[in-house]
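Listed here are the chains, written in short residue letters.
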Amino acid sequence: MSALTVDAVWKEYGDQIVLEKISIDIESRAFVALVGPSGCGKTTFLRMLLGEERPTRGQILIDGVALPSEPGPDRGVVFQRYSVFQHLTVLGNVLLGKELVASRYCGRLFGYARKAAIAEARAMLNEVGLSQAEDKYPAQLSGGMQQRLALAQALVMKPRVLLLDEPFGALDPGTRAEIHSLMKRLWHENPMTVVMVTHDMREAFALATRVVAFERRRDRPEERLRYGATITRDIPIWPPRRAGQSSLIRPDRDGPALNGR
Ligand SMILES: Nc1ncnc2c1ncn2[C@@H]1O[C@H](COP(=O)(O)OP(=O)(O)O)[C@@H](O)[C@H]1O
Ligand SMILES: [Mg+2]
């Protein structure tokens, strides 16, 4: 069964059509890189998958069930910046999600439950290479370390779907290369489906099993409000396509590929 089904989704803000007729099935365990020009609705799409925004039309299913109308622990998210809380320590940041879930029932974590949560948080920090930094505050960490912390914070909740919005976009190339190998390892080790927005094509092709492009088919200034972006390319990366197998672009649903543009 596919992890995420996006079925003819439109998103409009007032008179502005941002996304139109987005249909995509994302199989469980896929790593989808989402690319497209600035302002074409990539963040809006992620926010709909997160449950922060509702589609104007169409529906989104997660494992065949309508997406809950608000964010939940089954969907983790990491933004380019500001994913971690500056007033909490590294360990506090990773524990926060667990405490918030517990607080719905009893206020906070106590006794055995708290010990277990701390052990899990420490194991997660170890996975992202931040064991030595658990008492530090985010301001004391480099950009790369903050993003590793943001990944740990999301992954400790064992999300079924991890949403990444240009998570490595602000990092220098060396740090980015390191975090790419970490990201690959985390995706292999944790049973989750990833949707990552990126500006960086090399990053998209290095990490993803599938690269999907959003674009407006008509983009003259006077047409901007009336035409939203939609899927214009859908490129399978891994497993490699067999010779002779046709492209996954489905002109009936996704429109023509914009070859040669
Ligand atoms: N909450 C909102 N209210 C009104 N317009 C919005 C809102 N969020 C996004 N938009 C508009 O939707 C369009 C797509 O934005 P966004 O999803 O952030 O694009 P991207 O992430 O691809 O750069 C932009 O024109 C933006 O101004
Ligand atoms: Mg964006």
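What you see is a predicted model; the values in this text were computed from it and never measured.

Chemist: Can you help me understand empty space enclosed by the protein in this one?
Modeler: Summary: where empty space remains is shown by rolling a probe the size of a single water molecule over the atoms. All told, the structure shown has two cavities of 30 Å³ or more when counted by the stated rule. Reported here for the largest cavity is a volume of approximately 50 Å³. In terms of lining, the largest cavity is formed by Ile24, Ile26, Val32, Leu34, Phe45, Val195, Val212, Phe214 and Ile231. For the lining of the largest cavity, the secondary structure elements donating two or more residues are strand 2 (16-27), strand 3 (31-35) and strand 9 (210-216). When its residues are assigned to classes, the lining of the largest cavity shows nine nonpolar, no polar and no charged. In this structure, the second largest cavity occupies an estimated 30 Å³ of space. Looking at the second largest cavity, the residues that line it are Thr43, Leu46, Arg47, Leu50, Val77, Phe79 and Asp165. Of all the elements in the fold, those that place two or more residues in the lining of the second largest cavity are helix 1 (42-50) and strand 6 (75-79). Among the elements that line the lining of the second largest cavity, the one with the most residues is helix 1, at four residues. By residue class, the composition of the lining of the second largest cavity is four nonpolar, one polar and two charged.

Chemist: Just checking my understanding: could you explain the site of ligand 1 for this structure?
Modeler: Inspection of the region around ligand 1 gives Tyr13, Gln16, Val18, Pro37, Ser38, Gly39, Cys40, Gly41, Lys42, Thr43 and Thr44 as its neighbouring residues. One of the side-chain nitrogen or oxygen atoms of Gln16 is found 3.0 Å away from an oxygen atom of ligand 1. One of the backbone nitrogen or oxygen atoms of Cys40 is found 3.2 Å away from an oxygen atom of ligand 1. When ligand 1 sits alone it has 570 Å² of accessible area, and the protein chains cover 61% of it. For the shell around ligand 1, the secondary structure elements donating two or more residues are strand 2 and helix 1. Sorting elements by how many residues they give to the shell around ligand 1 places helix 1 first, with three residues.

Chemist: Please explain the pattern of salt bridges as it appears in this structure.
Modeler: Opposite charge on two side chains makes pairing possible when the charged atoms of those side chains draw close. Applying the stated criterion across every chain yields a total of 14 salt bridges. A salt bridge links Asp74 to Arg75; the shortest N-O distance between them is 3.1 Å. Residue Asp74 is classed as buried on the basis of its relative accessible area, which comes to 18%. Three or more residues are tied together by salt bridges with common partners; here these are Lys11, Arg47, Glu52 and Glu53.

Chemist: Explain the packing of aromatic side chains here, please?
Modeler: Two numbers describe a pair of aromatic rings. These are the distance of the centres and the angle of the planes. Counting across every chain of the model gives two aromatic pairs. On the numbers, 5.8 Å between centres and 80° between planes, the contact of Phe31 with Trp187 is edge-to-face. Highlighted residues: Phe31 in strand 3 and Trp187 in helix 5 (residues 173-189), separated in sequence by 156 residues. Judged by its relative accessible area of 1%, Phe31 is buried. Between Phe45 and Phe214 the ring centres are 5.2 Å apart and the planes differ by 75°, which places this aromatic pair in the edge-to-face class. Here the residue Phe45 occupies a position in helix 1, and Phe214 occupies one in strand 9, the gap between them amounting to 169 residues. What makes Phe45 buried here is its relative accessible area of 3%. Above the ring of Trp187, the side-chain terminus of Arg29 is found at 5.8 Å from the ring centroid.

Chemist: Sorry if this is basic, but what is going on with the pairing of strand 9 here?
Modeler: Each regular strand carries side chains that alternate between the two faces of the sheet. Within strand 9, seven of the seven residues are buried, leaving the element largely enclosed by the surrounding structure. Every second residue of strand 9 is oriented toward a common face, with Arg210, Val212, Phe214 and Arg216 on one face and Val211, Ala213 and Glu215 on the other, all of them buried. Pairing of strand 3 with strand 9, which is carried by four bridges, proceeds in the parallel orientation. By the bridge assignment for strand 9, Val35 is matched with Ala213. Pairing analysis gives seven bridges linking strand 9 to strand 10 (residues 229-236), with the strands arranged antiparallel. When the bridges of strand 10 are listed, Arg210 appears paired with Pro236.

Chemist: Explanation requested: the layout of surface pockets in the structure shown.
Modeler: Each pocket or cavity is described by its volume, and for the largest pocket that value is around 610 Å³. Lining the largest pocket are 21 residues, and of these Gly72, Arg75, Val77, Gly97 and Leu100 sit closest to its centre. Elements with a minimum of two residues in the lining of the largest pocket: strand 6, helix 2 (90-106) and helix 4 (143-155). Considering every element that reaches the lining of the largest pocket, the biggest residue donor is helix 2, with seven residues. A per-class count over the lining of the largest pocket returns twelve nonpolar, six polar and three charged.

How each quantity is defined
Residues numbered from 1 in each chain as written. Chains lettered and ligands numbered in written order. Predicted model: local features only at pLDDT ≥ 70, side-chain atom pairs only at ≥ 80, totals over all residues. Heavy atoms only, no water. 1 Å grid on protein atoms, 1.4 Å probe; cavity = no way out; pocket = protein on both sides within 12 Å on 5 of 7 lines; lining within 4 Å. Points joined across faces, edges and corners; volume = space filled by probe spheres on them. Helix = DSSP H or I, 4+ residues; strand = E, 2+ residues; numbered from the N terminus. Nonpolar A, V, L, I, M, F, W, Y, C, P; charged D, E, K, R; others polar. Near = heavy atom within 4 Å. Polar contact = N/O pair within 3.5 Å; in protein donor to acceptor, adjacent residues only side chain to side chain. Areas by Shrake-Rupley, 256 points an atom, 1.4 Å probe, with all protein chains shown as cover. Salt bridge = Lys/Arg side-chain N within 4 Å of Asp/Glu carboxyl O. Buried < 20%, exposed > 50% of the residue type's maximum accessible area, 1.4 Å probe, protein only. Phe/Tyr/Trp six-rings, centres within 6.5 Å; stacked < 30°, edge-to-face > 60°. Lys NZ or Arg CZ within 6 Å of the ring centre and 35° of its normal. Pairing = 2+ DSSP bridges.

In short, the description is geometric, and any link to function would need to be established separately.
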